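# Working through the structure, step by step
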Amino acid sequence: MSDAFGLPSRILLLGGASEIGGAIVARILAEKSADVVLAGRHPDALPTGFHGARSVERVEFDACATDTHEAFFDRVFAGGDIDLVVLAFGILGDQAEAESDPAAAVLVATTNYVGAVSALTHAQQRLAKQGRGTVVVLSSVAGQKARRSNYIYGSSKAGLDAFTEGLQLAAEATGVNVIHVRPGFVKTQMTAHLKPAPFSTTADAVADAVVASLGKGNRSVWVPAILRPVMWLIRALPPRALRSL
Amino acid sequence: MANAAHRERRSLSGWGRTAPSVADVARPTSVGAIAELLTAPAPRGVIARGLGRSYGDVAQNGGGMVVDLTGLDSILDFNTSAGTVTVAGGCSLAAIIELVAPVGWFLPVTPGTRFVTVGGAIACDVHGKNHHRDGSFGSHVAALTLLTASGDLRTLSPEETPREFWATVGGLGLTGFVVEATLKLLPAESTAIRVDTERTADLDATFEKLRATDQSYRYSVAWLDCATRGRLGRGIVIQGDHAAAGEADTPSALPSQHPRISAPGWLSLAPVLRSPLIGLLNDVHFRRARPGTGRIEAIEPFFYPLDALGDWNRVYGRGGFLQYQFAVPLDREDVVHSALGLLYDAGLRSTLAVLKRFGPESQAPLSFPFPGWTLALDIALPAPAAARTLSSLDDLVAEAGGRVYLAKDSRLRRELVEVMNPRLPEWQAVRRELDPDGLFQHDLGRRLGLTGSSS
């Protein structure tokens, strides 16, 4: 059960190796101890400890293997209520490669969109049975507007954005809150080879913004906050204006 | 019975309006109807709810069932010569006052609001301004009827069934539904209170004043300034007794059964009560207090100043608020000093800070009060520093051998529950006998792991 500050007792991090997801968990544990369940494709490669965690459990989870999701969620929820689900998995893919290799493009779409749709639907069903819970969905500003340089990744996040907005509406009456997070370019290992875009941010800044939104109902969080009006303007541009971006 | 089966799925929160959860809510009007509800399968259990004045999540049960007992509010017997009253569990203290005060009796113990049910007052073992003399609510219950998980009605009393009785007193609703109770009333010649008020210069002076004088009064409490730099802990000590018949010039008005006016709904959209205003209110409150002796006050302004405005919790806006109340042994006044300092340094301004000296503890294993100092603070949310600050305060309280009030809690770390309540295992054992399958559940219990099972 989350407390008056929205701080959870038990957290499920989907994408247990994610740097941003890990930062969110660490930031929460700095406020209050909790049990942590890390889920990822290679459980042995996931972190074994978090400072301040009451316990850390590592469970195998493959976003693309959606037929395994039901058993996965059954197992995790059998261990007790989950107060917070953080959906942090996702792949950037290689845009150039994906343009010539349909399978690579499909992998990005399957992981980031199909996998998320499955996981979020399973999670929502179970949180609704608890009568309460919070879901943090890590999306990206890339979903706001197609760019020449990353439209495959962007389209998967655009789908995730639409799904998440709808989930917020559907979940409200069930006592479940959805925090929809849209960071700009986050400087992590996954993006180390890329040139930071304007308004880039850090995993810790995303974590701060998420923790500040806990316990406040449905929230739409942009990191940094200036991206909300910036993206509003960019969306108004004609598609061709983003040809070179 | 179609009526008994009627359930509405909706969101509930405590008086602090934090951490809501959705549950199936039923409002039966007979014991038979409740028993019928208990026979229906409830995957996440069931809990009783009264008038919803508990600050935290003790009367909510996310994903399960919540039984609103306020439909069970009848007064069953009033013995005017013996001074006992038998009521249904959902009967409010306000209704009892209205019945008994005109004929020379009063509640033996009353919290700061009269809009609570008798069942809730027993389950939380509430206390009032007379704790130093009269103890907590459960000590004035002659007998109660508990609807248990098996659907049986059991009559519990401190003489016949002490284990079950005291596990239910302060048992946070987890032993069953209190559907009926007999209270031993306090004789009170008049409906007026004779009040002495004095200002103190600092916290040590407040301690000294309470220590030296509270035994001379039935009611004794101090309001502390916790928002004025350099003046932390200066206080207004308010002490009183029931006035003798004829002492008041005119008979004092009795409080009504419902608040006369309510805070408007839009208030909850605008967080009015923020730090600067709270500081100002603290200062104004202190300056306005008129020191004096022998002033005659009516029941409502003396016991229930906040009851005058219905839904007053809305003044805190959408973020809501929490109440943090702790108690520490008498020789650990330093923890109260530290508490005021820690909160002030963290920028947390309590709207209301109430200090009181508790008297002897009750026999109930989970009852909150024990001989010592208790401080209650209201904190507006959201407050970024609150989680960590209160957590450090918890550590000080636990280290001093103190505890926080579970019935009001909304944020304690579960690791500290047993440290603060060493008799928890004893209570858990009785609860397991009364409710072996864990039918009675609430969000508070899950959050704190109260029943010993996993979350």
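Residues numbered from 1 in each chain as written. Chains lettered and ligands numbered in written order. Predicted model: local features only at pLDDT ≥ 70, side-chain atom pairs only at ≥ 80, totals over all residues. Heavy atoms only, no water.

### Considering helix 10 (residues 333–345) of chain B
Residues and elements named next belong to chain B. Going by this rule: For helices the rule is a DSSP run of H or I covering at least 4 residues; for strands it is a run of E covering at least 2, with both sets numbered from the N terminus onward. Helix span is expected to be 1.5 Å times the residue number reduced by one. For every residue, the accessible area obtained with a 1.4 Å probe (protein chains only) is divided by the maximum for its type, and the residue is called buried under 20%, exposed over 50%, and partly exposed between those limits. Comment: arc refers to directions from the helix axis out to C-beta atoms. Any pair of residues with heavy atoms lying within 4.5 Å of one another is described as a contacting pair.
The end-to-end C-alpha distance of helix 10 is 19 Å, a good match for the 18 Å that 13 residues give at a rise of 1.5 Å each. Residues of helix 10 that are buried: Glu-333, Val-335, Val-336, Ala-339, Leu-340, Leu-343 and Tyr-344. The buried residues of helix 10 occupy an angular sector of 170 degrees when projected down its axis, which confines them to one face. Buried residues along helix 10 sit in contact with helix 7 (203–213), strand 13 (219–224), strand 18 (321–329), strand 19 (353–358), strand 20 (372–380) and helix 11 (386–399).

### Brief notes about the packing of aromatic side chains
The way to describe two aromatic rings as a pair is by their centre distance and the angle between their planes. Stated precisely, the cut-off is as follows: Centres within 6.5 Å are what make two rings of Phe, Tyr or Trp a pair, Trp counting through its six-membered ring; a difference in plane orientation under 30 degrees is then read as stacked, over 60 as edge-to-face, and the rest as tilted. The rule for a charge over a ring is simple: NZ of Lys or CZ of Arg within 6 Å of the ring centre, and within 35 degrees of the ring normal.
For the structure on display, the rule yields 20 aromatic pairs over all chains. Here Phe-61 of chain A and Phe-89 of chain A contribute two aromatic rings whose centre-to-centre distance is 5.7 Å and whose plane-to-plane angle is 45 degrees, an arrangement assigned as tilted. Separated by 28 residues along the polypeptide, Phe-61 of chain A in the loop between strand 3 (53–60) and helix 2 (69–78) and Phe-89 of chain A in the loop between strand 4 (84–87) and helix 3 (95–100) bring together distant segments of the chain. As far as burial versus exposure is concerned, Phe-61 of chain A and Phe-89 of chain A are alike and both buried. Between the aromatic rings of Phe-303 of chain B and Tyr-304 of chain B, the centroid separation amounts to 5.8 Å while the plane-to-plane angle is 45 degrees, which identifies the pairing as tilted. Tyr-304 of chain B shares its class with Phe-303 of chain B; the two are buried. Of the aromatic side chains, those joined through ring pairs into one cluster are Phe-61, Phe-72, Phe-73, Phe-77 and Phe-89 of chain A. Directly above the ring of Phe-302 of chain B sits Lys-129 of chain B, whose terminal nitrogen or CZ lies 4.1 Å from the centroid. Geometry around Tyr-344 of chain B places Arg-349 of chain B over its ring, the cationic atom sitting 3.9 Å from the centre.

### Focus: the domain arrangement of chain B
All names here are of chain B. Test applied: Where each domain begins and ends follows an automated or database-derived domain assignment. Take the accessible area each of two parts loses on contact, using a 1.4 Å probe, and add the two losses: that sum is the buried area. Every case where a carboxyl oxygen of Asp or Glu lies within 4 Å of a side-chain nitrogen of Lys or Arg is listed as a salt bridge. The term polar contact refers here to a pair of N or O atoms within 3.5 Å; inside protein, the definition further demands a hydrogen-donor-capable atom paired with an acceptor-capable atom, and it admits residues adjacent in sequence only when both atoms are side-chain atoms.
Partitioning chain B into structural domains gives domain 1 (71–188) and domain 2 (192–413). Taking only C-alpha atoms, the centre of domain 1 and the centre of domain 2 are 24 Å apart. Taken together, both faces of the contact between domain 1 and domain 2 bury some 3200 Å²; the carbon and sulfur share is 58%. On the domain 1 side of the contact with domain 2, Arg-114, Lys-129 and His-132 bury the most area, a combined 26% of that side's loss. Here domain 1 is connected to domain 2 by three salt bridges. Asp-134 is the partner of Arg-218 in a salt bridge, and the nearest nitrogen-oxygen pair spans 2.6 Å. At the boundary of domain 1 and domain 2, one finds 19 residue pairs in polar contact (both at pLDDT 80 or more). Among the secondary structure elements, those contributing two or more residues to the side of domain 1 that touches domain 2 are helix 3 (93–100), helix 5 (131–134) and helix 6 (162–168).

### Notes on the sheet that holds strand 3 (residues 46–49) of chain B
Residues and elements named next belong to chain B. Where we set the bar: At least two bridges found by DSSP between two strands is the condition for calling them paired. Note on definitions: angles span 0 to 180 degrees between N-to-C directions of axes, and those axes are lines fitted to C-alpha atoms, for helices only across the stretch in contact.
Read across the sheet, four strands follow the order 1-2-4-3 without closing on themselves; strand pairing throughout is mixed. The outermost strands of the open sheet, each flanked by one partner alone, are strand 1 (8–12) and strand 3. This sheet shows a mean twist of 40 degrees between the axes of neighbouring strands, independent of strand direction.

### Some points on the packing of helix 7 of chain B against helix 10 of chain B
All names here are of chain B. The criterion, for reference: When an angle is under 35 degrees it counts as roughly parallel; over 145 it counts as roughly antiparallel; between 65 and 115 it counts as roughly perpendicular; any other value is oblique. Each helix crossing is assigned a hand: it is left-handed if the near helix lies turned anticlockwise from the far helix by less than a right angle, otherwise right-handed if that turn is clockwise. All residues other than Ala, Val, Leu, Ile, Met, Phe, Trp, Tyr, Cys, Pro, Asp, Glu, Lys and Arg, Gly among them, are scored as polar; the first ten of these are nonpolar and the last four charged.
Relative to each other, helix 7 and helix 10 sit at 140 degrees, their axes nearing to 11 Å. Our classification of the angle between helix 7 and helix 10 gives oblique. You can see that helix 7 and helix 10 cross each other, and the crossing is right-handed. In this structure, helix 7 uses Leu-203, Asp-204, Phe-207 and Arg-211 to contact helix 10, whose residues at the interface are Glu-333, Val-336, His-337 and Leu-340. Residue composition of the contact of helix 7 with helix 10, by class: four nonpolar, one polar and three charged.

### Details of the nonpolar core
We count it as follows: Within this scheme, the nonpolar core is defined by two criteria: the residues are buried Ala, Val, Leu, Ile, Met, Phe, Trp, Tyr or Cys, and they are joined through side-chain atoms within 4.5 Å.
The biggest cluster of nonpolar side chains holds 152 residues, and the ones touching the most others in it are Ile-96, Phe-137, Phe-177, Phe-326, Leu-355 and Leu-375 of chain B. Summarising the domain contributions, this core has at least three residues from each of domain 1 (71–188) and domain 2 (192–413) of chain B.

### Considering helix 6 (residues 203–213) of chain A
All names here are of chain A. For helix 6, the full list of buried residues reads Ala-203, Val-206, Ala-207, Ala-209, Val-210, Val-211 and Ser-213. If you follow the buried residues of helix 6, they end up packed against helix 1 (19–31), strand 5 (133–138), strand 6 (176–183) and strand 7 (219–223). Gly-215 occupies a position one or two residues after helix 6 and carries a positive phi of about 75 degrees.

### Let's talk about the interface of chain A and chain B
Chain A puts 24 residues into the contact, and the matching count from chain B is 28 residues. Taken over both partners, the interface formed by chain A and chain B buries close to 2000 Å², and the fraction arising from carbon and sulfur atoms is 52%. When the buried area of chain A at its contact with chain B is split by residue, Met-1, Ala-4 and Phe-5 of chain A rank highest and sum to 28% of it. Linking chain A with chain B are four salt bridges. Between Glu-31 of chain A and Arg-388 of chain B there is a salt bridge whose closest N-O contact spans 3.0 Å. Looking at the side of chain A that touches chain B, the elements that each hand over two or more residues are helix 1 and helix 4 (102–130) of chain A. Of the residues in the side of chain A that touches chain B, the class split is seven nonpolar, eight polar and nine charged.

### Topic: the sheet that holds strand 9 (residues 153–156) of chain B
Residue and element names in this part refer to chain B. In space, the five strands of this open sheet follow the order 5-6-10-8-9, with antiparallel pairing throughout. Because the sheet does not close on itself, it has two edges, and the strands there are strand 5 (75–79) and strand 9. Pairs of neighbouring strands in the sheet enclose a mean axial angle of 10 degrees, with direction left out of account. Here strand 6 (residues 84–88) runs beside strand 10 (residues 177–184); their pairing, made up of five bridges, is antiparallel.

### Digging into the side chain of Ser-136 of chain B
Residues and elements named next belong to chain B. Mapped onto the fold, Ser-136 is located in the loop between helix 5 and strand 8 (141–147). The buried category is assigned to Ser-136, whose relative accessible area is 1%. In this structure the side chain of Ser-136 is engaged in a polar contact, spanning 2.8 Å, whose partner is the side chain of Asp-125. Beyond its immediate stretch of four places on either side in the chain, Ser-136 contacts Val-109, Asp-125, Val-126, His-127, His-131, Ser-362, Ser-367 and Pro-369.

### Details of the pairing of strand 5 of chain A
Residues and elements named next belong to chain A. Defined as follows: The crossover handedness rule: strands pointing away from the viewer, path from first strand over the helix to second strand clockwise, crossover right-handed.
Among the six residues that make up strand 5, six are buried, leaving the element largely enclosed by the rest of the structure. Bridge count for strand 4 against strand 5 is four bridges, and the pairing is parallel. Bridge pairing in strand 5 places Leu-84 opposite Thr-134. Once the chain exits strand 5 it traverses helix 5 (residues 151–171) before rejoining the sheet at strand 6, and the crossover so formed is right-handed.

### Focus on the side chain of Asp-35 of chain A
All names here are of chain A. With respect to the helices, strands and loops of the structure, Asp-35 is situated in strand 2 (residues 34–40). A relative accessible area of 17% places Asp-35 in the buried class. Within the structure, the side chain of Asp-35 is placed 3.3 Å from the side chain of Arg-54, a separation counted as a polar contact. For Asp-35, the residues in contact, after removing those within four places along its chain, are Ser-9, Arg-10, Ile-11, Arg-54 and Ser-55.

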